[in-house]
Amino acid sequence: MFLLVTCILSVSLARANGNSYAHRGELRQAKRIVVKLGSAVVTRGDECGLALGRLASVVEQVAMLQNQGREMMIVTSGAVAFGKQRLRHEILLSQSVRQALHSGQNQLKDMSVPVLEARACAAAGQSGLMALYEAMFTQYSTCTAQVLVTNLDFHDDQKRQNLNSTLQELLRMNIVPIINTNDAVVPPPEPNSDLQGVNVISIKDNDSLAARLAVEMKADLLIALSDVEGLYDSPPGSDDAKLIDIFYPGDQQSITYGTKSRVGLGGMEAKVKAALWALQGGTSVVIANGTHPKVTGHVITDIVEGKKVGTFFSEVKPAGPTVEQQTEMARNSGRTLAALHPDQRGAIICHLADLLVEKKEEILAANKTDMDLAANAALLNRLSLSPAKLNSLAIGLRQIALASQDSVGRVLRRTRVAHNLELEQITVPIGVLLVIFEARPDCLPQVSALAIASGNALLAKGGKEAANTNRVLHELTQEALDIHGVKEAVQLVSTREEVEDLCRLDKMIDLIIPRGSSALVRNIQRAAKSIPVLGHSEGICHIYVDSEAAIDKVIKIVRDSKCDYPAACNAMETLLVHRDILRTTLFDQIIDMLRTERVKIHAGPRFASYLTFSPSEVKSLRTEYGDLECCIEVVDSMQEAIDHIHRYGSSHTDVIVTENEDTAEQFLQQLDSACVFWNASSRFADGYRFGLGAEVGISTARIHARGPVGLEGLLTTKWVLRGDGHTAADFSEHGTLKYLHENLPVTQPQPRQMTAQRED
């Protein structure tokens, strides 16, 4: 808490010049925050009474931020709605007792209630609204104070100074001011009044009040909650309406506004004008949806944490495209890529392979810059590129180019449904892939080549540790793509986008493939609620040494599986040994080899029970060490080994070492893992070693692709039906046609040769 408060204070001082924040990530540093609650947020759908669930969520978030050391202010609507509820209730109660007693229930419901004047409703509702806020904030040991204002309070210098002084003192005492226009006395808004420059703003609704207050109090952030997700380029709900992530002054001409919300005085146009006025005054602004807490989550705290929620108003326009624009460019160019002749896609990949060799000096120079900035030896190992590694990458890319010749558009099934009605199932690209990888720059050309070969568009998000290398490799990738005019099909996301924000682009991205640590994969799987994720969160790989295993094979396989590259996801983490080989020469040689290789051994519960002085007992049998460490456990049989792996494994790669073919075949058939090997190292679970050329990752999922995912795993299918005026009615009971459903031989059509225009 102390560190957070210190950080907030230091940045607040750094912003003393009054400039607003340039990027969402900087919102974490906001100290003084105004939260504006629109009428649609505070009131129920029937506009009579308050939405208590939403208010409770808002109060919880504001109290939490207040307790972090921030200074929170609330500008709230709701007094009119709350007062309307109370006055309607009073009117019904004041009806004649006789009428109430002699009226049927239905008639009572239909009793007319006069139209209620808004100022009277506000007068009746203010005290109740404040009492509700006070009761809610008390649950979090947070004190509140009510402040009612009118437009005149801002036009009179003395009143404005008094208001400022009052609010400053409340904030100093750690009290949350709850501010509202005094609707009991305020005159109706002038229909033609508008924002009047930098120094003056008409207080005609709570949007303008919140903006004026935020600037007056030098707030760092104004959060305006409404009943829409944010600002759209056209009215929400209309065709092709797109949510604007970041809005810049000067973009107003590109917006078409719709009608205002069901309640309240202002519409989106008023909110935008108020937001731009506050932004010009030095306060950052976010407009977001506060009406569906179950959908939007903790919207206020999400905004303060810098997450991509709503529309962020910024005065600093980035030099390059936004990630949404990058995705759109990639999708459009990817469709052209998918329509190219296979030879053209193969030529692009081969050209990229040539560039990796020809431009190796440029690549290695950028790589050296990244390595000079690396924090530790483990990171250096992952970052490092060499001429030999670049040559190996080039060889792998040429394998992919060769495999791409019959990938997209391959016919999998042909059926004669009826006479002159034929159906085909063919392979097609998935669409737009988002591949997120950590500090492994060699991943970029591999994944790019697989995307090109399969006709998919690609968004690549690399680790910042390899930023310089990734930039050069991406430039070479786009140079290769440009020979057939599809330069934009592969995009490198180098903006300040958080991974969680990228995972929310469910309308733009079709598949996410994480490549990195188990923590990265788990975080992406949690964040990507609406986008499929292809990958594995853990690589808990087992080697089972059977009682009939050969000594030389065991030593070679265990050493390679554990020691070749301990950090790899296909490295052995648990060694299962048959009980009969304990206290044998074979077992002694295994232990000696592991000690020679400096592998730290953890004993499983059964193995520990056999030892007088055992190694450290394992804390969990479901552990991925990722280092020169492993667990050893004892089993009584091959079936017990399978049961152990099913219980504690991650369905990645598991191995049996035995000379008994029957035992091996049972193991291979019964074990439910993505990769199951007999007398071979677990390190073979790799796309390049499988002959796939490269892989985008290893999947432990049971739908779509499993194991090392190469070119085939990046394709899906579509059905193509060719008829001659056929209708479903032709096959009805009284129709003239009958279904044949004959399987036809699969013949691959010759791809159409296309001439793609080269982009300048």
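Residues numbered from 1 in each chain as written. Predicted model: local features only at pLDDT ≥ 70, side-chain atom pairs only at ≥ 80, totals over all residues. Heavy atoms only, no water.

**Notes on the pairing of strand β20 (residues 629-635)**
Along a regular strand, successive side chains alternate from one face of the sheet to the other. In terms of residue burial, β20 counts as a mostly covered element, since six of its seven residues are buried. Inspection of the sheet shows strand β18 (residues 572-578) paired to β20 by five bridges, in the parallel sense. Within β20, the position partnered with Thr-574 by the bridge is Cys-631. Inspection of the sheet shows strand β19 (residues 600-603) paired to β20 by four bridges, in the parallel sense. Looking at the pairing, Ile-601 lines up with Cys-630 of β20. (Buried < 20%, exposed > 50% of the residue type's maximum accessible area, 1.4 Å probe, protein only. Helix = DSSP H or I, 4+ residues; strand = E, 2+ residues; numbered from the N terminus. Pairing = 2+ DSSP bridges.)

**Remarks on the confidence of the model for the chain**
Mean pLDDT over the chain: 85, with 86% of residues reaching 70 or higher. Long-range and interchain partners of residues 190-201, a stretch whose pLDDT sits below 50, account for 24 contacts in this model, where long-range means more than four residues apart. Every residue in residues 752-760 is under pLDDT 50, and counting partners more than four places away or in other chains gives 18 contacts. (pLDDT = per-residue confidence, 0-100. Contact = heavy atoms within 4.5 Å.)

**Thoughts on the sheet that holds β18**
With parallel pairing, the six strands of this open sheet are ordered in space as β19-β20-β18-β17-β21-β22. With partners counted over all chains shown, the strands left at the sheet margins are β19 and β22 (675-678), one partner each. With direction set aside, neighbouring strand axes in the sheet form an average angle of 20°. Pairing geometry for strand β17 (residues 541-545) and strand β21 (residues 653-657), over four bridges, is parallel. What sits directly across from His-542, in β21, is Asp-654. Contacts from helix α23 (residues 551-563) reach β17, β18, β20 and β21 within the one sheet, and its direction differs from that of β18 by about 155°. Helix-sheet contacts for helix α27 (residues 661-670) involve β17, β21 and β22, and the interaxial angle to β22 is about 175°. (Axes fitted to C-alpha atoms, helices over the stretch in contact; angles between N-to-C directions.)

**Remarks on the environment of Ser-20**
By the element assignment, Ser-20 lies in the loop between α1 (2-14) and β1 (32-37). C-alpha separation for the pair Ser-20 and Thr-283, spaced 263 residues apart in sequence, amounts to 5.1 Å. Here the side chain of Ser-20 touches Glu-315 through a polar contact of 3.4 Å, side chain to side chain. (Polar contact = N/O pair within 3.5 Å; in protein donor to acceptor, adjacent residues only side chain to side chain.)

**A short note on unusual backbone geometry**
Of note in the backbone geometry, Asn-174 takes a positive phi value of approximately 65° without being a glycine. Although it is not a glycine, Arg-583 sits at a positive phi angle of roughly 55°. Structurally, Arg-583 can be placed in the loop between β18 and α24 (585-596). A relative accessible area of 63% means that Arg-583 is categorised as exposed.

**Comments concerning the sheet that holds strand β15 (residues 490-492)**
Across the sheet, which stays open at both edges, the four strands sit in the order β15-β14-β13-β16 with parallel pairing between neighbours. Each edge of the open sheet is held by one strand with a lone partner, namely β15 and β16 (511-515). Between one strand axis and the next, the sheet turns by 20° as a mean value, whatever way the strands run. The pairing of strand β14 (residues 457-461) with β15 spans three bridges and is classified as parallel. Among the inter-strand pairings, Leu-458 is bridged to a residue of β15, identified as Val-490. Against the sheet, helix α20 (residues 467-481) contacts β13 (432-437) and β15, and its axis sits at roughly 160° relative to β15.

**A short note on the pairing of β1**
Summarising burial for β1: six of the six residues are buried, a large majority. Note that β1 and strand β2 (residues 71-76) share six bridges and pair parallel. Following the sheet pairing, Val-35 is matched in β2 by Ile-74. Alignment of β1 against strand β7 (residues 221-226), held across five bridges, turns out to be parallel. Along β7, the bridge assignment pairs Lys-36 with Ala-224.

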